[in-house]
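Architecture at a glance
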Amino acid sequence: MAATRFQKFGNDLYTGARSIDFVGKRRVWYIIAAVLVVAAIIIPIVRGGFNFGIDFRGGSQFTVSDVKTIDQALAQQAVHRVKPDAAVQVSVTNGTGGRGVRVQTDQLSTDQTKRVGADLASAYGVTQDKVASTYIGPSWGADVSRQAIQGLVVFLLLAFVAMALYFRTWKMSAAAIVSLFHDLIITAGVYALVGFEITPATMIGFLTILGYSLYDTVVVFDKIRENTREDSDGLKHTFAESVNLAVNQTLVRSINTAVVAALPVGAILFIGAFVLGADTLRDISLALFIGILIGTYSTIFIAAPLYADFRDGEREIVRHDKKVLAARAKSPATEAVPTP
């Protein structure tokens, strides 16, 4: 019964028998988006910034496997015995080989690294071969950060140009890019809120969700282009109504796609964060999970209404809307999609 009702709901949205006024209430969506973006900017400031992984900030990392206890204080004490003023981050990992402890700290010399490794082995009751150490220099971290920013900028520029060429209007492209920035800022804010590390896997997740959001936006914009082209010579819908109808017609598809994509990613996030303690799975899946939900929301509530706003004052659009409203005034029985 529920599936039948949902199918009927989708059919009604597509035919225009039922309509949700996304475009008409766009100022409400803009206010909500602005509040979320401001909150996403304030959160990392209040919490002292983002929790960047060792790949970005540089430092030394120790992984102690097959431990008998997961007392994190033991790791902190082992590091501080060698370097009292060192900043230490300790986390517990779970894998097929048993539980382990990961320790990240400031840059250590070769001698300090050996001493910390020995102290960790002694503290956790394991042999020396169970302690693995790696070192990432500050230049490597700076290089990773630079490449991540470059990748993001290149992606956004290519996306803007590709959409402008495909839709033959920069206004659709601009609306999509604003929506992508909205997604990126909110996703980063959630990372700052939960305190998860930002690693190269996180950056991969960021780029992936931007691609997903862009794909969803292109599908909706393609329907908008089809509707506005068909209605340009007719007197049934104003431009804003045509845009709103397109969003309604693709709404069920957007929801279905988001649910189908979010469920497996949510499962990976749960397994990576709570079952296996797999940091890479956790980092990339959190970005994907948030991005799928935010990307679907922004396409419907931000990108499409924003495009309608961008074209609202064009002479051609104003002329067409006046004709539609004049024809509607002569024939009051004419059915229309809610107008902003």
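Residues numbered from 1 in each chain as written. Predicted model: local features only at pLDDT ≥ 70, side-chain atom pairs only at ≥ 80, totals over all residues. Heavy atoms only, no water.

1. Remarks on the packing of aromatic side chains
- One pass over the full model with this rule turns up 9 aromatic pairs.
- Both rings, one in tryptophan 29 and one in phenylalanine 301, keep their centres 4.7 Å apart while their planes meet at 75 degrees; by these two values the pair is edge-to-face. With tryptophan 29 in helix H2 (residues 26-46) and phenylalanine 301 in helix H10 (residues 279-311), the pair connects residues that are 272 residues apart, well separated along the chain.
- The interplanar angle of 40 degrees and the centroid separation of 5.7 Å between the aromatic rings of phenylalanine 221 and tyrosine 307 together place this pair among those described as tilted. Separated by 86 residues along the polypeptide, phenylalanine 221 in helix H8 (residues 200-231) and tyrosine 307 in helix H10 bring together distant segments of the chain. (Phe/Tyr/Trp six-rings, centres within 6.5 Å; stacked < 30°, edge-to-face > 60°. Helix = DSSP H or I, 4+ residues; strand = E, 2+ residues; numbered from the N terminus.)

2. A few points about the confidence of the model for the protein
- With 86% of its residues at a pLDDT of 70 or more, the protein shows a mean pLDDT of 81.
- The weakest mean pLDDT in the protein belongs to helix H1 (residues 2-15) at 65; the strongest belongs to H2 at 93.
- Every residue in residues 334-340 is under pLDDT 50, and counting partners more than four places away or in other chains gives 19 contacts. (pLDDT = per-residue confidence, 0-100. Contact = heavy atoms within 4.5 Å.)

3. So, unusual backbone geometry
- Phi is positive for aspartate 66, which is not a glycine, with a value near 55 degrees.
- Relative to the helices and strands, aspartate 66 resides in the loop between strand E1 (59-65) and helix H4 (72-82).
- Aspartate 66 gets classed as partly exposed once you look at its relative accessible area, which sits at 40%.
- Phi at arginine 168 is positive, roughly 60 degrees, even though this residue is not glycine.
- Relative to the helices and strands, arginine 168 resides in the loop between helix H6 (138-167) and helix H7 (170-194).
- Exposure remark for arginine 168: the relative accessible area of 72% places this residue in the exposed category. (Buried < 20%, exposed > 50% of the residue type's maximum accessible area, 1.4 Å probe, protein only.)

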